Amino acid sequence: MKKLAELLTKNKIEFAYGGDKAGRGYDYDTQKEESYTLGRNDLIVNVLQPRAVLATCF
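Since the structure is predicted, the reported quantities are computational estimates derived from the model, not experimental observations. (Residues numbered from 1 in each chain as written. Predicted model: local features only at pLDDT ≥ 70, side-chain atom pairs only at ≥ 80, totals over all residues. Heavy atoms only, no water.)

Colleague: Let's hear about the pairing of strand β2 (residues 21–27): which residues, and what values?
Modeller: Strand direction decides the pairing type here: β2 and strand β3 (residues 32–38), joined by seven bridges, are antiparallel. If you follow Arg-24 over to β3, its bridge partner there is Ser-35. In this antiparallel pair of consecutive strands, β2 and β3, the connection spans four residues, and Gln-31 shows a positive phi of 65 degrees. (Pairing = 2+ DSSP bridges. Helix = DSSP H or I, 4+ residues; strand = E, 2+ residues; numbered from the N terminus.)

Here it is as structure tokens:
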């Protein structure tokens, strides 16, 4: 995970760590919003980045 975090930082992609919390997010496999349990080492990356959009849903 450290290398991935370094790559994201190098490319100015904002991210956060999960922090042992429950959350909700869009699941691209099911095409629905789902509940998740986030671990403290899970990386969370929002596709709506300040400089550009990482992904587009059709």
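Colleague: Which residues make up the environment of Pro-50, and what are the values?
Modeller: Tracing the sequence through the fold places Pro-50 in the segment after β4 (43–44). Judged by relative accessible area, which is 64%, Pro-50 ranks as exposed. Sequence spacing of Pro-50 and Gly-25 is 25 residues, and the spatial spacing of their C-alpha atoms is 19 Å. (Buried < 20%, exposed > 50% of the residue type's maximum accessible area, 1.4 Å probe, protein only.)

Colleague: Tell me about the environment of Phe-15, residues and numbers included.
Modeller: Summarising the element assignment, Phe-15 is placed in the loop between α1 (2–10) and β1 (16–17). The sequence separation of Phe-15 and Val-45 amounts to 30 residues, and the corresponding C-alpha distance is 4.6 Å. Filtering out sequence-adjacent residues up to four positions away, Phe-15 remains in contact with Ala-5, Leu-8, Thr-9, Leu-43, Ile-44 and Val-45. (Contact = heavy atoms within 4.5 Å.)

Colleague: How would you explain the packing of aromatic side chains if you had to name every residue and give the values?
Modeller: Within this structure, the stated rule accounts for two aromatic pairs. Consider the rings of Phe-15 and Tyr-17, whose centres lie 5.9 Å apart with planes at 80 degrees: the pair is edge-to-face. The partly exposed category is assigned to Phe-15, whose relative accessible area is 26%. Owing to a relative accessible area of 44%, Tyr-17 belongs among the partly exposed residues under this scheme. Between the aromatic rings of Tyr-26 and Tyr-28, the centroid separation amounts to 4.9 Å while the plane-to-plane angle is 80 degrees, which identifies the pairing as edge-to-face. (Phe/Tyr/Trp six-rings, centres within 6.5 Å; stacked < 30°, edge-to-face > 60°.)

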